[in-house]
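Secondary and tertiary structure notes
Here's the letter readout for the chains.
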Amino acid sequence: MTERRWTRKRIVSASFVLILAIFFLLGALKLLKRKDIDDLYGAYPDEADLKEPALVDVNAPKPNVIIVYLDDLGYGDLGCFGSKAIQTPHIDKMAAEGAMFTNYHSVASVCAPSRAGLLTGRYPFRTGVIGNPYPADEPFVNKAQKKAANLLLEMGVADLDEAYVAEGLSQKEITIAKALKAAGYRTKMIGKWHLGDFGKKEYYNPVNYGFDSYFGVPYSNDMIPYPLYRNKEEIIANVGGEAQAMLTGLFTDEAIEFIGKSKEAPFFLYLAHPFPHQPLYASEDFQLVSKGGLYGDVVEELDWNMGRILDFLEENGLDEDTLIVLTSDNGPWFEGSAGGLRGRKGEVYSGGFRVPFIARYPGKIPGGLVMDTAIASIDLFPTILSLAGVGIPEDRIIDGKNIFDNLAGASAKSPHDALYFYHYAKLQGILSDGFKYVERMNRYTWPVPLTTAYIPMEVFQAKIALGDIFPLLYDMALDPGEAYNVIQTYPDIAEGHARMMEEWEAHVAENPRGFAAAAQNRAVE
């Protein structure tokens, strides 16, 4: 009897080892077969089939435009969005003098795709930037770590679905900066780029995307090396450790200098601070000042520097001619508050996508406006172009909508029939008519997608233990924290949302990049 038990144990153990070996082998084969992003979405059209942005309204107001883009700031990290631990008086004042949108969504829940969507007005899959590009010369141990994570993908212990890789943003995309050049704007980018490692491939330098000048870092501050650039020149090879504490003040100094030199012509400033992304560093004057710990110190330093910019605009008579927007690329990562929303960075839950949004434009946007209208980061592209008198590109699909009527308080209706939520290349959810439907998601804090991985769900039958947890339907008006799945209560709504997702995916599959030339070629075929 004892011998039989030992035999069974050996068989079970051997089977388990065999299963692991098979999946490690499959993972290794996947790594060997890594493909270019064009294999997934198709190649870009030829230059001859693309059109340059053009000025279509010479009487447009052409305001100065400043976008302040924070990194991993959560929905609940600002005083005006409910934070009690972190004091943000300058940003709160900006909100009181402008509009605050409580139902604004980034187009992605991780860094690079959100930036591609913001600058182009298009869902990230159209640009191919569906994940984060990494430094070309990052240390071997970092590369090995990601490869190991890919091997473990099916086991549910990592979430780096990077079979298809884009090096960065194609120059065939039209950014806000490039479009505004048609209206005579001076343009500058400061801070974190993360749309291609231009240190190793100059093609991806921001000055090639419509920015007259650039001062900043190529990617996230947890990546190594972390160089500082001015235009195409490397100034510091690696801003490591405590040296990063200087960046918030340094980038604000650069922003104020640019604004001061741009008084005679409309300007566009894209200020993408690298904080409060981990690791966290605050300068000496802001250390140990916040009740929100080091994270709070960092956010309060960002707030103080935001005040410097607002004061400079007022002191120089630029206030009423400037639209200034502050928002975040995605929800909080290890620290930070999602403000009662469920989930965090990397998840389809609202804590990953829904972030603060404040817009100020004295005389055009009424002060104290608070709106719950569903809008998205992709909407800034057509809105800003319209204010500048630049035509919306007709040679490609622009997914964003002009939201100026919403910003001005003239309309509370969302311009979107639906907002779609992607995780890498996978469409996982949809928000429409106040209900959010999620077909499937990486359920736990990124990057640990236990409920989407094959081994825990199928081999170890976790789906039996967890029950029938997908799909999900949330009434976002009654349940913004996504605590209650009401799919059995509203089956017709769930069915309608599922159908919308299917139709959207079918439409996208016909022309993922969304270029008119590709559609015409398919029609001829």
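Residues numbered from 1 in each chain as written. Predicted model: local features only at pLDDT ≥ 70, side-chain atom pairs only at ≥ 80, totals over all residues. Heavy atoms only, no water.

**Comments concerning the packing of helix α8 (residues 247-260) against helix α9 (residues 293-315)**
Between α8 and α9, the least distance of the axes is 10 Å, while the angle of their chain directions is 10°. The angle between α8 and α9 places the two elements in the roughly parallel class. Residues T248, G249, T252, D253, A255, I256, I259 and G260 of α8 form the contact with α9, whose participating residues are E301, L302, N305, R308, I309, F312 and L313. Taken together, the residues of the contact of α8 with α9 break down into seven nonpolar, five polar and three charged. (Axes fitted to C-alpha atoms, helices over the stretch in contact; angles between N-to-C directions. Helix = DSSP H or I, 4+ residues; strand = E, 2+ residues; numbered from the N terminus. Parallel < 35°, antiparallel > 145°, perpendicular 65-115°, else oblique. Contact = heavy atoms within 4.5 Å. Nonpolar A, V, L, I, M, F, W, Y, C, P; charged D, E, K, R; others polar.)

**Section: empty space enclosed by the protein**
The full count for this structure, using the stated rule, is three cavities of 30 Å³ or more. A volume near 130 Å³ is recorded for the largest cavity. Lining of the largest cavity is provided by 12 residues; of these, P113, I130, Y422, H423 and Y424 occupy positions nearest its centre. Those elements that place two or more of their residues in the lining of the largest cavity are α5 (124-127) and β15 (419-423). (1 Å grid on protein atoms, 1.4 Å probe; cavity = no way out; pocket = protein on both sides within 12 Å on 5 of 7 lines; lining within 4 Å. Points joined across faces, edges and corners; volume = space filled by probe spheres on them.)

**Quick word on the pairing of strand β11 (residues 322-328)**
When you tally the buried positions in β11, you get seven out of seven residues, the bulk of the element. Here β11 shows no split at all, with T322, I324, L326 and S328 on one side and L323, V325 and T327 on the other all buried. Bridge count for strand β2 (residues 64-70) against β11 is seven bridges, and the pairing is parallel. Residue pairing across strands places V65 opposite L323, the latter belonging to β11. With four bridges connecting them, β11 and strand β12 (residues 357-360) associate as antiparallel partners. Its bridge partner being in β12, V325 is matched across the sheet by A359. (Buried < 20%, exposed > 50% of the residue type's maximum accessible area, 1.4 Å probe, protein only. Pairing = 2+ DSSP bridges.)

**Observations regarding the environment of W193**
Tracing the chain through its elements places W193 in the loop between β6 (186-192) and β7 (213-217). Since its relative accessible area comes to 0%, W193 is described here as buried. Separated by 81 residues in the primary sequence, W193 and A112 have C-alpha atoms spaced 8.2 Å apart. Beyond its immediate stretch of four places on either side in the chain, W193 contacts R115, L119, F198, Y204, P206, Y209, F211, Y214, V217 and P218.

**Considering the confidence of the model for the protein**
Averaged over all residues, the pLDDT of the protein equals 90, while 82% of them reach at least 70. Every residue in residues 444-449 scores below 50 in pLDDT, and together they form 23 contacts with partners more than four places removed in sequence or on other chains. (pLDDT = per-residue confidence, 0-100.)

**Brief notes about a negative patch on the surface**
Together, E439, E502, E503 and E505 line one region of the surface with negative charge. Within the secondary structure, E439 is located in the loop between β17 (435-438) and α13 (454-459). (Patch = residues over 30% accessible without salt bridge, like charges linked within 9 Å, V, L, I, M, F, W, Y side chains within 5 Å. Areas by Shrake-Rupley, 256 points an atom, 1.4 Å probe, with all protein chains shown as cover. Salt bridge = Lys/Arg side-chain N within 4 Å of Asp/Glu carboxyl O. Lys, Arg positive; Asp, Glu negative; His and termini not counted. Charge placed at Lys NZ, Arg CZ, Asp CG, Glu CD.)

**Observations concerning the pattern of salt bridges**
Applying the stated rule across the entire model yields 22 salt bridges. One salt bridge connects D72 with K345, and the closest N-O pair in it is separated by 3.2 Å. Of this pair, D72 sits in the loop between β2 and α3 (89-96) while K345 sits in the loop between β11 and α10 (350-353); the two residues are 273 residues apart in sequence, bridging distant segments of the chain. Using a relative accessible area of 1% as the deciding quantity, one classes D72 as buried. With a relative accessible area of 2%, K345 lands in the buried category. For D319, the salt bridge goes to R360, with nearest N and O atoms at 3.1 Å. Residue D319 is located in the loop between α9 and β11, and its partner R360 is located in strand β12; the two are separated by 41 residues in the primary sequence. What makes R360 buried here is its relative accessible area of 6%. Among the charged side chains, a network of salt bridges with common partners joins D71, R115, K192 and D329.

**Observations concerning the pairing of β17**
Residues F435 and Y437 line one face of β17 and the alternating positions K436 and V438 line the opposite face, and both faces are buried. Sheet analysis places strand β16 (residues 426-432) next to β17, joined by four bridges and oriented antiparallel. Bridge pairing links L431 to K436 in β17. The antiparallel hairpin formed by β16 and β17 contains two residues in its connecting segment, where D433 sits at a positive phi of about 50°. Summarising the sheet, β17 and strand β18 (residues 472-475) pair through four bridges and their orientation is antiparallel. The residue of β18 that forms the bridge with Y437 is L473.

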